[in-house]
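# Summary of structural features
For reference, the chains in residue letters:
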Amino acid sequence: GKQHNPASMFYLWSTSRAKSLRHATDNVCTVLLHMRLRRQHEVEVGKDWIERAKEAGAIDENENEADKVNYTRFCQGLERLDIAALQLDETLMVLK
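From a predicted model like this one, the values you see are computed outputs, not experimental measurements.

## Some details on the packing of helix 1 (residues 17-45) against helix 3 (residues 65-95)
The N-to-C vectors of helix 1 and helix 3 enclose an angle of 160°; their axes lie 10 Å apart at closest approach. In terms of their interaxial angle, helix 1 and helix 3 are classed as roughly antiparallel. As helix 1 runs across helix 3, the sense of the crossing is left-handed. Contacts between helix 1 and helix 3 pair L21, A24, T25, V28, C29, V31, L32, M35, R38, R39, E42 and V43 from the former with F74, L78, L81, D82, A84, A85, L88, D89, T91, L92 and L95 from the latter. Considering only residue class, the contact of helix 1 with helix 3 consists of 16 nonpolar, two polar and five charged.

Here's what the structure looks like:
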């Protein structure tokens, strides 16, 4: 069986459900804020990619292959941040 080290164990005689829920909600809100700020920063850093994509209609065949790869990675990064933010938002709705 497992060996339990009494020096590293915590005993909870009681816990406040409301306080635990508030703490979890605060943590999710903080992470959601950081996720949104990160996305905003990524868009600011990558606004050249966004502008080039808007103008790419007629110039598409002249695009560099490395640019296409970098733009795809940029878009995937934004998509991952969006998905993570949506999942955090759903978690927040469950907690409330």
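Once the structure has been displayed, the description carries forward.
## Comments concerning the nonpolar core
Among the nonpolar cores identified, the biggest contains seven residues, and these are V28, L32, M35, L81, A85, L88 and L92. Of all elements in the fold, only helix 1 and helix 3 reach the threshold of two or more residues within this core. The greatest single-element share of this core, amounting to four residues, is contributed by helix 3. Setting aside its immediate chain neighbours within four residues, M35 contacts L81, A84, A85 and L88.

## Some details on the environment of A53
Take A53: it is sitting in helix 2 (residues 47-59). When the C-alpha atoms of A53 and K68 are compared, they prove to be 9.7 Å apart, with 15 residues separating the residues in sequence.

## Observations concerning the packing of aromatic side chains
Tallied over the full model, the rule gives one aromatic pair. When the centroid spacing of 6.5 Å and the interplanar angle of 35° are considered together, the rings of Y71 and F74 count as tilted. Note that Y71 and F74 are positioned in helix 3 at a spacing of three residues, about one turn of the helix. Judged by relative accessible area, Y71 falls into the partly exposed class, the value being 29%. The class of F74 is buried, set by a relative accessible area of 12%.

The rules behind the values
Residues numbered from 1 in each chain as written. Predicted model: local features only at pLDDT ≥ 70, side-chain atom pairs only at ≥ 80, totals over all residues. Heavy atoms only, no water. Axes fitted to C-alpha atoms, helices over the stretch in contact; angles between N-to-C directions. Helix = DSSP H or I, 4+ residues; strand = E, 2+ residues; numbered from the N terminus. Parallel < 35°, antiparallel > 145°, perpendicular 65-115°, else oblique. Left-handed = near helix turned anticlockwise from the far one by under 90°. Contact = heavy atoms within 4.5 Å. Nonpolar A, V, L, I, M, F, W, Y, C, P; charged D, E, K, R; others polar. Core = buried A, V, L, I, M, F, W, Y, C linked by side-chain atoms within 4.5 Å. Buried < 20%, exposed > 50% of the residue type's maximum accessible area, 1.4 Å probe, protein only. Phe/Tyr/Trp six-rings, centres within 6.5 Å; stacked < 30°, edge-to-face > 60°.

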